[in-house]
Amino acid sequence: MLGGDDSIGQPVPRKQHFANHDVLFATPRGSSETASASRAAKAGAKLNDQRVETGIGRPGLRNTEVSQPASVAGTVIYKTDPNRRWRYRRYYLKDQRKGHLAEAVIALKGPNLKGLAPAGEQQLAIIDQKNFRFMPETLAIRAGSRVKFTNSDPELHNVRSTDSLNPFNISIDTGREFVTTFSRAGGIRRPVRIGCIFHGAMRAWIYVFDHPYFQVTSADGTFLFSNVPPGRYRLEMVHPAGALRWSQPIEVTPSTTLDTKILVSPDNKEPSK
Amino acid sequence: MTHRSLTRRDVLRSGSTAMAVAVMQMSMPDFVFPAEEEGEELVEFLNMPRSGPNRLDWETLEEWFTPQEQVFNVQHYGIPEVDSESHRLEITGLVDKPKAFTIDELKERPQHDQLMTLECSGNGASKGFMNAIYNSKWTGTPLAPLLKECGIQPGAKEIVFIGVDRQQETLRKGTSREVTVEVPFGRSMTLTDATNKKLLLAHQRNSQPLEKENGAPLRLIVPGWYGIANVKWLTRIEVRDTRYMGRFMGRDYVTLRGERRGGEVVFVETSVNKMNLKSIIARVTRRPTQDTLVPVKAYGAAWSDGTPVEKVEVRVDDGPWQPARLDEEPRAKYCWTFFSIDLGGLKEGQHTVVSRAVDVNGRVQPAADDDEIALKKTYWEAYQQWPREIELTA
């Protein structure tokens with residue numbers, strides 16, 4: 001269920017100051033080959049161990065004319081509750097005092113986003129299986145992008161999706177790979193769930209969008225959408241491993257940067273299904 | 001449903017609690033073993049998968065009774081729909097008085113609690129599967145008196161336990177003698193093992209009705225035996241005069257192991273049954289560096305088939321084995337025992353920390369390169385020592 005929270009920081013418009021940004025392709029911040037790395041570099045974000053290769057063809061919003069474009073930037077912060085411990089927090093909160101939430105998916109939702117900034121040439125992301133983990137576990141891509149699954153472990157792995165439109169169940173030996181295209185955009189609400197049939201603890205989520213305004217936060221919890229057409233949207237966040245969900249309406253005004261602070265807590269936990 | 005309703009009285013009441021008074025961990029702060037002090041920071045294990053739902057999260061292990069959301073379940077023929085109202089347990093075969101019982105009738109019989117650590121026999125076989133273990137309390141009526149009432153006939157040797165779950169099985173696949181039939185899940189025990197007074201026909205776990213995936217409405221509970229022997233959705237008990245060789249006794253859950261005999265290795269196949277002596281480092285903690293050394297502690301758990309664990313030792317890198325402190329409480333015969341050790345100051349950098357359990361008979365938990373593990377070709381009974389890799393930073 002989507003829903004705001006009174007404790008959530010309100011978006012505060014501010015004058016545009018991220019000049020010449022060309023952020024469009026949302027992947028984890030570790031994707032140094034993407035244009036989105038520019039913001040990560042500004043933030044001094046450390047590259048994590050997620051290996052994502054994207055940006056082939058790098059279509060870009062430069063090709064799309066947005067009148068008086070604006071930006072939406074922010075940080076996702078998780079507020080811990082000693083009475084409701086989140087045992088996975090050790091993976092996603094590098095500094096528990098600051099609460100910067102890593103591996104959260106952030107996206108805009110609005111009626112006129114679809115088709116903006118055409119995906120252009122096909123993108124390629126990589127999810128490796130290493131140390132019995134999918135790396136990255138959470139990936140966000142444009143519809144039509146390809147994902148290459150690899151296996152760096154000295155043991156047989158498998159990638160399986162029961163997604164109704166693109167089901168697959170492929171075993172991948174050490175050093176081998178499997179590439180598939182994700183054509184359908186399920187957005188932030190319907191990720192493609194990935195598992196390994198041999199190792200039930202391994203899991204990953206692929207979020208597929210039909211627009212360019214999405215991102216996966218890195219260790220500093222930040223995100224930035226540039227070249228956003230002014231208008232009214234919902235800013236949405238999910239954290240699949242933590243089952244956290246948040247959303248709030250925002251208004252993006254011309255030539256500004258909307259600076260947001262997304263505060264989440266155990267209250268934002270999705271009820272178990 | 002909460003499992004925090006378990007009380008000290010629950011533990012005391014249990015027939016398996018022969019030793020120490022148990023104190024529930026639930027009132028303690030998160031991530032605190034009895035020996036853990038404030039200010040200790042978790043040192044993450046290197047090169048390990050992340051923890052997920054429905055699996056024990058070793059690094060956050062704190063509760064002697066495993067929280068419900070960390071309880072695993074494994075089944076081979078799917079999870080059947082079972083109506084507890086119409087469900088029957090039938091006792092047939094070589095008995096004078098074959099009987100059938102409703103769940104309510106079983107509940108009316110004498111009830112017994114059994115505290116037990118239940119481990120999947122594949123647990124620990126790989127990094128991707130080393131969290132399939134939990135500790136809980138089971139409640140039900142003892143099996144042995146019920147078998148006695150049915151009158152076991154002379155010549156009976158084997159007791160077979162059959163579940164509701166069924167699936168087609170193919171034998172001699174790909175040969176001219178290939179045959180496929182639908183069979184129910186079954187496991188068996190010798191008459192002696194099956195009449196051990198500890199065996200229960202359980203309808204509750206942690207004072208709550210069994211969960212569907214955990215065998216509701218009735219599960220055989222065999223303390224000290226791997227999970228596969230604890231037959232879920234139990235519906236029939238057959239007394240036979242020959243060995244039962246269903247898939248999960250004769251073809252699957254069979255350990256193939258080489259044994260050295262003189263100069264040669266002879267391979268032997270045995271059915272997976274009793275749990276093995278085992279221990280693991282659950283987590284490592286540290287304090288800020290003092291004079292170039294990092295104060296480090298380790299915490300873990302040890303368990304067995306009920307044979308008392310005499311000691312647990314811990315080693316850092318190639319150093320000497322050091323004795324860990326076994327928690328005096330909570331303890332129960334068929335449950336894990338928590339341990340802790342102060343490893344003193346370690347140099348910054350990467351280290352390996354490993355534990356080994358030793359039982360009262362002198363049996364020592366083997367290392368991965370010891371013959372009994374190295375010559376084991378199948379993955380069940382993965383009870384080898386498990387080195388944990390850590391990195392201590394400044």
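Model, not experiment: these values are computed from the prediction.

Residue and element names in this part refer to chain B. With ten bridges connecting them, strand 15 (residues 293-303) and strand 19 (residues 337-347) associate as antiparallel partners. Residue Val296 lies in a different strand from strand 19, and its bridge partner there is Gly344. Sheet analysis places strand 18 (residues 325-326) next to strand 19, joined by two bridges and oriented antiparallel. The residue bridging Arg325 from the neighbouring strand is Ser340, located in strand 19.

Chain A puts 14 residues into the contact, and the matching count from chain B is 17 residues. Listed by contribution, the elements that provide at least two residues to the side of chain A that touches chain B are helix 2 (89-92) and strand 12 (199-209) of chain A. With four residues, the single largest contributor to the side of chain A that touches chain B is strand 12 of chain A. Its residues placed into classes, the side of chain A that touches chain B shows six nonpolar, two polar and six charged.

A separate point is the confidence of the model for chain B. All names here are of chain B. For chain B, mean pLDDT is 91; residues scoring 70 or higher make up 91% of the total. Every residue in residues 1-13 is under pLDDT 50, and counting partners more than four places away or in other chains gives 28 contacts. Counting interchain partners and residues more than four positions distant, the pLDDT-below-50 stretch residues 15-31 has 43 contacts.

Moving on: the pairing of strand 4 (residues 112-119) of chain B. Residue and element names in this part refer to chain B. Counting buried residues in strand 4 gives eight out of eight residues, a clear majority hidden from the surface. By the alternation rule, side chains of strand 4 split into His112, Gln114, Met116 and Leu118 and Asp113, Leu115, Thr117 and Glu119, which are all buried. The pairing of strand 4 with strand 5 (residues 133-142) spans eight bridges and is antiparallel. Counted as the bridge partner of His112 is Gly140 from strand 5.

Turning to unusual backbone geometry, a few remarks are in order. Note the cis peptide between Ala216 of chain B and Pro217 of chain B, where omega equals 10 degrees. Look at Ser255 of chain A: it is not a glycine, yet its phi comes out positive at around 55 degrees. For Ser255 of chain A, the location among the structural elements is in the loop between strand 16 (244-252) and strand 17 (256-264). Look at Ser255 of chain A and you get exposed, because 12 C-beta atoms sit within 10 Å. Its identity as a non-glycine residue notwithstanding, Arg172 of chain B has a phi of 50 degrees, on the positive side. In this structure, Arg172 of chain B sits in the loop between strand 6 (158-171) and strand 7 (179-190).

All names here are of chain B. With antiparallel pairing, the four strands of this open sheet are ordered in space as 17-16-20-21. Each end of this open sheet is capped by a strand with a single partner; those strands are strand 17 (322-323) and strand 21 (388-392). Direction of pairing for strand 20 (residues 349-359) relative to strand 21: antiparallel, over a ladder of five bridges. Residue pairing in the sheet places Gln350 in a bridge with Glu391 of strand 21.

The rules behind each value
- Residues numbered from 1 in each chain as written.
- Chains lettered and ligands numbered in written order.
- Predicted model: local features only at pLDDT ≥ 70, side-chain atom pairs only at ≥ 80, totals over all residues.
- Pairing = 2+ DSSP bridges.
- Helix = DSSP H or I, 4+ residues; strand = E, 2+ residues; numbered from the N terminus.
- Contact = placed C-beta atoms within 7 Å.
- Nonpolar A, V, L, I, M, F, W, Y, C, P; charged D, E, K, R; others polar.
- pLDDT = per-residue confidence, 0-100.
- Buried ≥ 20, exposed ≤ 12 C-beta atoms within 10 Å, placed from the backbone.

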